[in-house]
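# Remarks on the overall topology
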Amino acid sequence: MKKIILMLFCITLIVNCKENNREEVVPVVEDVKLDNKLKVEIEYKSDTKGMLQCAFIQIELENNQYSSYTVTQKFNASKDFINTDFEMFGDFIMENLQLRFGSSPIKIFVKKIVLSYDEVEIVVDGKDLNRYFAKNKFVKINPENQTIETFVVNGNHSPALILRNGIIDRLFFSL
């Protein structure tokens, strides 16, 4: 009987020691850096409905491959400012960014355009559009009243603003 009691006592001690020695499992949380994505935010208003496109051109992919990506947003006429955001699909560097204005002539008032990538942010005031963007023959920029007007030329209408290369370099390669 003494052996049984001694054996039960030893088993109880072993079980209690194992329960006390169990370490509490604490989940390890690692800092996960989210993908840096190029974002373009435009604050504007227009008297007519229309369409805005943001074309990310010559996106540098892996293995020396390139791609293009276009995001389209339709808008209605508004007396209040509208915010339209465009975001590239991943953490890629691209060589060209274009803002396109649809297939029918429009006139829009641009308050500002914000370009951001990683921790770099460039704010373009509507008065400085000529400094940051080149335009094609279908677009007229009036910096005094911060408007962009598109035109039909020889039966064609393909208006675009092209972000200048120096601005692209500031976004992606600033230190």
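Notes on the structure follow. Bear in mind that the values here come from a model prediction, so they are computed numbers and not experimental data. (Residues numbered from 1 in each chain as written. Predicted model: local features only at pLDDT ≥ 70, side-chain atom pairs only at ≥ 80, totals over all residues. Heavy atoms only, no water.)

### Considering the pattern of salt bridges
The tally for this structure, following the rule as stated, stands at two salt bridges. Ionic pairing is found between E87 and K37, a salt bridge with its closest N-O pair at 3.6 Å. Here E87 is found in strand β4 (residues 78-87), whereas its partner K37 is found in the loop between α1 (2-21) and β1 (39-46), with 50 residues between them in sequence. Under the relative-accessibility criterion, E87 is labelled partly exposed at 36%. Note that K111 and E43 form a salt bridge whose closest N and O atoms lie 3.7 Å from each other. With K111 in strand β6 (residues 107-117) and E43 in strand β1, this residue pair connects regions lying 68 residues apart in the sequence. With relative accessibility at 37%, the residue K111 sits in the partly exposed group. (Salt bridge = Lys/Arg side-chain N within 4 Å of Asp/Glu carboxyl O. Helix = DSSP H or I, 4+ residues; strand = E, 2+ residues; numbered from the N terminus. Buried < 20%, exposed > 50% of the residue type's maximum accessible area, 1.4 Å probe, protein only.)

### Re the pairing of strand β2 (residues 50-60)
Along a regular strand, successive side chains alternate from one face of the sheet to the other. Burial of β2 is extensive: eight of the 11 residues sit out of reach of the surface. Examined bridge by bridge, β2 and strand β3 (residues 66-75) share nine bridges and lie antiparallel to one another. Within β3, the residue paired with F56 across the bridge is Y69. Counting the residues between successive antiparallel strands, the hairpin from β2 to β3 contains five residues, one of them, N63, with a positive phi of roughly 60°. Where β2 meets strand β5 (residues 93-100), seven bridges bridge the pair, whose relative direction is antiparallel. Bridged to A55 within β5 is Q98. (Pairing = 2+ DSSP bridges.)

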